[in-house]
Structure formats: C-alpha cells, structure tokens
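Architecture at a glance
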Amino acid sequence: MRIMRTRTYVTALLAVSTVAATVVALAAPSNAAPNDPLFGKQWGLTQINAPQAWASSTGAGVVIAVVDSGVDLHHPDLQGKLVPGATFVNCPAGQRPCGDGDWKGTDGIGDAADVHGTHVAGIAAAATNNGIGIAGTAPDAKIMPVKVLETIGFYEDMADGVRWATDHGANVINMSFAGLPHEQLLALLGLETRLSDAIGYALNHGVAVIAAAGNTATPLCRDPAFTRDVICVVATDRNQLKTWYSELGLKPDLKVVAAPGGAALVNCDDDVWSLLPTGAGTCGQQDYGTLAGSSMSSPYVAGVAALLAAQGRNRASIYNAILSTARTPLLGRGVYTPLYGRGIVDAAAAVTS
C-alpha cells in the first residue's frame, strides 16, 4: 500500500505580511503588572484577561508541548522554562527522535518557518516578570520543544511527535500547523489517520490538545484542528474582530474558541509580540518581534489550558472551563457563532469557573 507523505506548510498559518521587518521566571504579583518591558504591547494578554487569572493560577507544574518547528533553547526569555524535547525532522534511518527540539536556522537567522516554534512557545509560557522581553500566558508553565517540521512537515513526523510528547509528560499539546486542503479531504475520508490516531492516543492519556484553525479563510477548521476533541482556535485582531485570514470556526463537535492572532497588515503593534530566535528580532528588537496568524492564537489557548491544568483539573474539566466561559462580542457567554466558535477565550473567567 502506498504511504502518503503529507506536506503541511507552516507558512500557511502565518498570514501574509506578518513580519513587519522594516518597522521597528517568576510570575508577576497578582496586584501588579509584570516588569517585562514589552508587556505593554501585549494586547493579546489583555484581550483574554490573562493577568487577572494569575492570582488563581500561573501554570506551575504543567508542561506544554510545542509540537512545531523547534525552539531556540538559548533564548533569554526561555531560560529555566524548558524540559527535554525531541526532534523528528531529517532523522537518520532507525533513529527517532534524533535531537532535542532545538531551532536550527541554516543561516543563523532563519525565515518565517524557522522562527515559528520559538514565537509560539513565547506566547504560551515565556519567562515572566524577569525584567526582559515579554510575559507568557502561563507564566510558570514549562515548554517541551518537539520539532516535527521545517518549511514543510510530514504527518508521520507530527504523529510521532505527538505520541512522544504524551509519553514524556506533556499535559497540554499545541499544534500551530495545518494540512493542505486535499490532505484534509484524505483525513476526512479516513485515508490519512496517522496524526488523528496519535491525537487520539494523547486524548486517551488525558492530554489537552489545542490546534490552530488555519489561515485560508475557509469555513472549516483545518486538520488537525478539525479532529474530534481537539480545541480549534480561530484568530482575532486587537479590536476583538475575527480576522480576515482565519478559518471560520466550524467543526462537528463545536469545540472552537477564538484568541488573538493579529491583523497581518503593516503595523508591528497590531500583530502579536513574542520571542524570535536570538539575533533574529524585528520591529526594533534584538530577540523579539511580531507575527500574525492563527498559529499565534492557538498558544494563548494552550496557555489557558495550562493555567487550568495547574489547578488539578482533568482534560474534560479544562475543556469545559475554556468553552463555557469564552465570550462573544456583543452576545456574551454561552453563544456559538461561526465567526468565533464559543467566543474569545477568557482566562480569568475560566480559572474561577
């Protein structure tokens, strides 16, 4: 039987014009803003009410697996934040995994695909209140870097990464990638099951699985976000509007929420600030910059899942808290719409639900 090797373009989840290159570890006390210099630019944390949640939970003791393009293990805002990871890309025959999940740029700087995993990791759980850079959604959660793709990825590698993360202690898995449309059709027809089977394995082991909706403005959450019992995350801009590029939040199980993804236009501060590999910064920063896409939305929700997991909740309770407390602009909570799914995730409401 022919084995399908399915390509998944990471850049499909980075909306166009997402890097405005020509423009410019301790949790914070509950009654004060963190001292991270770029915190004031992090409108996404404000939109999801993350700082208000930190009085109840900071994610301590929880591991978020960033199943992605690798993470800069040496970034100053990830020091003390990492647990051992793994690489499943370009491994020698019979050797899987074959590395530690580190980001490796061929030119030392990297393109949008190379920096992707580092940016995602920072949104989820960058070191917070350490006097540098940004704050993370779950300030005291740990990051497990699992490298499964570069510019493109294969379902085999992604599936192995998800299983490895599950077996090595991940409480939350974030997947900020999506299959191409024809590959989604294969998955829907049951002809490509490697990744969905691996996700099922994670779910059966109590792992909360979060995935980006996609950036091609079509109605359905893209695979793997379309997979049953994965929380699909659509993207919003800083005005809480569903973005022009994001998929709509349609999937049969209605496990869909929205979170900040950025405008993907020309202004750095309208997109999402996070980490970039050291020396690859944009927007006037050395090690930081902005990107936009549903890739950025997903780790906000993964961070909220970590806040909830740190409270001792199981996966069902985590999902219920995220979905039931999300809010839809003008409509409130408990309302499902194709634009927002259950609504914009609300960290403060979730941790007190």
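Above this text sits the structure in question.
Read on for an overview of the structure. (Residues numbered from 1 in each chain as written. Predicted model: local features only at pLDDT ≥ 70, side-chain atom pairs only at ≥ 80, totals over all residues. Heavy atoms only, no water.)

Quick look at the pairing of strand S4 (residues 172–175)
This is how the line gets drawn: The buried label applies to any residue whose accessible area, calculated with a 1.4 Å probe on protein chains only, is under 20% of its type's maximum; exposed applies above 50%, and partly exposed to all values in between. Secondary structure is summarised from DSSP: a helix means a run of H or I of at least four residues, a strand means a run of E of at least two, and numbering begins at the N terminus for each. Only strands that DSSP links by at least two bridges are regarded as paired with each other.
Here S4 shows two buried faces, one formed by Val172 and Asn174 and the other by Ile173 and Met175. The sheet contact formed by strand S1 (residues 63–68) and S4 spans four bridges and is parallel. Paired with Val67 across the strands is Met175, a residue of S4. Pairing geometry for S4 and strand S5 (residues 208–212), over four bridges, is parallel. Residue pairing for S5: Val172 is matched across the bridge by Ala208.

What about the packing of aromatic side chains?
The criterion, for reference: Note on aromatic contacts: the rings of Phe and Tyr and the six-membered ring of Trp form a pair at centre separations within 6.5 Å, being stacked when their planes are under 30 degrees apart, edge-to-face when over 60 apart, and tilted otherwise. A ring is scored as having a charge over it whenever the NZ atom of a lysine or the CZ atom of an arginine sits within 6 Å of its centre and within 35 degrees of its normal.
Under the defined criterion, the tally for this structure stands at one aromatic pair. An angle of 90° between the planes, with centres 5.4 Å apart, marks the rings of Trp244 and Tyr245 as edge-to-face. Here the basic side chain of Arg163 rests over the ring of Tyr201, its NZ or CZ set 5.0 Å away from the ring centre. Lying across the ring of Tyr319, Arg315 places its NZ or CZ 5.1 Å from the centre.

Examining the environment of Phe88
Applicable threshold: What makes two residues a contact is simply this: any of their non-hydrogen atoms within 4.5 Å.
Position of Phe88 among the secondary structure elements: in the loop between strand S2 (86–87) and helix H3 (112–125). Setting aside anything within four residues of it in sequence, one finds Phe88 in contact with Arg96, Pro97, Val146, Lys147, Val148, Asp157, Asp160, Gly161 and Trp164.

Some points on the sheet that holds S5
Stated formally: To define axes, lines are fitted to C-alpha atoms, for helices over the stretch in contact only, and angles between the resulting N-to-C directions are given on a 0 to 180 degree scale.
Here seven strands make up an open sheet; going across it, the order is S2-S3-S1-S4-S5-S6-S7 and the pairing parallel. Every interior strand has two partners, whereas the edge strands, S2 and strand S7 (256–260), have only one. The pairing of S2 with strand S3 (residues 142–147) spans two bridges and is parallel. Paired with Thr87 across the strands is Lys147, a residue of S3. Its contacts with the sheet place helix H8 (residues 315–325) against S5, strand S6 (231–236) and S7, and it is angled at close to 40° to S5.

Thoughts on helix H4 (residues 155–167)
Convention followed: The span expected for a helix works out to 1.5 Å for each residue beyond the first.
Compared with an ideal rise of 1.5 Å per residue, which puts 13 residues at 18 Å, H4 spans 18 Å between its outermost C-alpha atoms and is within 8% of the ideal. Burial in H4 covers these residues: Tyr155, Asp157, Met158, Ala159, Gly161, Val162, Trp164, Ala165 and Thr166.

Quick look at the environment of Gln52
Applied cut-off: Polar contacts here mean pairs of N or O atoms no more than 3.5 Å apart (in protein, one a potential hydrogen donor and the other a potential acceptor; neighbouring residues in sequence count only if both atoms are side-chain atoms).
Following the sequence through the fold, Gln52 ends up in helix H2 (residues 50–53). When the C-alpha atoms of Gln52 and Ala348 are compared, they prove to be 5.4 Å apart, with 296 residues separating the residues in sequence. A distance of 3.4 Å separates polar atoms of two side chains, one belonging to Gln52 and the other to Asn49.

Notes on the state of the cysteines
Applied cut-off: Working definition: a disulfide is two cysteine sulfur atoms within 2.5 Å of each other.
For the coordinates displayed, the defined rule picks out three disulfides. The disulfide partner of Cys91 is Cys98, and the S-S distance across this bridge is 2.2 Å. Taking the sign of the S-S torsion, about -75° here, the bridge from Cys91 to Cys98 comes out left-handed. Here Cys91 falls in the buried class, since its relative accessible area comes to 18%.

Details of the pattern of salt bridges
Which entries qualify depends on this criterion: What makes a salt bridge here is a side-chain nitrogen of Lys or Arg within 4 Å of a carboxyl oxygen of Asp or Glu, nothing more.
Summed over the entire model, instances satisfying the criterion amount to eight salt bridges. Between Lys255 and Asp229 there is a salt bridge whose closest N-O contact spans 3.1 Å. Placement of Lys255 in the loop between S6 and S7 and of Asp229 in the loop between S5 and S6 is noted, with a sequence separation of 26 residues between them. Residue Asp229 is classed as buried on the basis of its relative accessible area of 19%. In this structure, Lys251 engages Asp253 in a salt bridge whose closest nitrogen and oxygen atoms are separated by 3.4 Å. Counted as one network, the salt bridges with shared partners bring together Arg96, Asp157 and Asp160.

Focus on a nonpolar patch on the surface
The condition is simple: Patch membership requires over 30% relative accessible area and the absence of a salt bridge. Like charges are linked within 9 Å, and nonpolar side chains (Val, Leu, Ile, Met, Phe, Trp, Tyr) within 5 Å. For the accessible areas, the method is Shrake-Rupley and the probe is 1.4 Å, while residue cover comes only from the protein chains on display.
Together, Leu185, Leu189 and Leu191 give the surface a local cluster of nonpolar side chains, amounting to about 320 Å² of exposed area. If you trace the backbone, Leu189 turns up in the loop between helix H5 (181–188) and helix H6 (194–204). On the accessibility criterion, Leu189 (56% relative accessible area) is exposed.

Examining the packing of helix H7 (residues 294–309) against H8
So the rule is basically this: Oblique is the label for any angle not covered by the other classes, which are roughly parallel (under 35 degrees), roughly antiparallel (over 145) and roughly perpendicular (65 to 115). For a crossing to be left-handed, the near helix must be turned anticlockwise from the far one by less than a right angle; the clockwise case is right-handed. Lys, Arg, Asp and Glu make up the charged group, whereas Ala, Val, Leu, Ile, Met, Phe, Trp, Tyr, Cys and Pro make up the nonpolar group; the residues left over, Gly among them, are polar.
Relative orientation of the contacting elements H7 and H8 amounts to 125°, with a least axis distance of 10 Å. Viewed along their axes, H7 and H8 adopt a mutual orientation that is oblique. Crossing geometry of H7 relative to H8 is assigned as right-handed. When H7 is examined against H8, the residues Val301, Val304, Ala305, Leu308 and Ala309 are found in contact with a partner set consisting of Ile318, Ala321 and Ile322. Taken together, the residues that form the contact of H7 with H8 break down as eight nonpolar, no polar and no charged.

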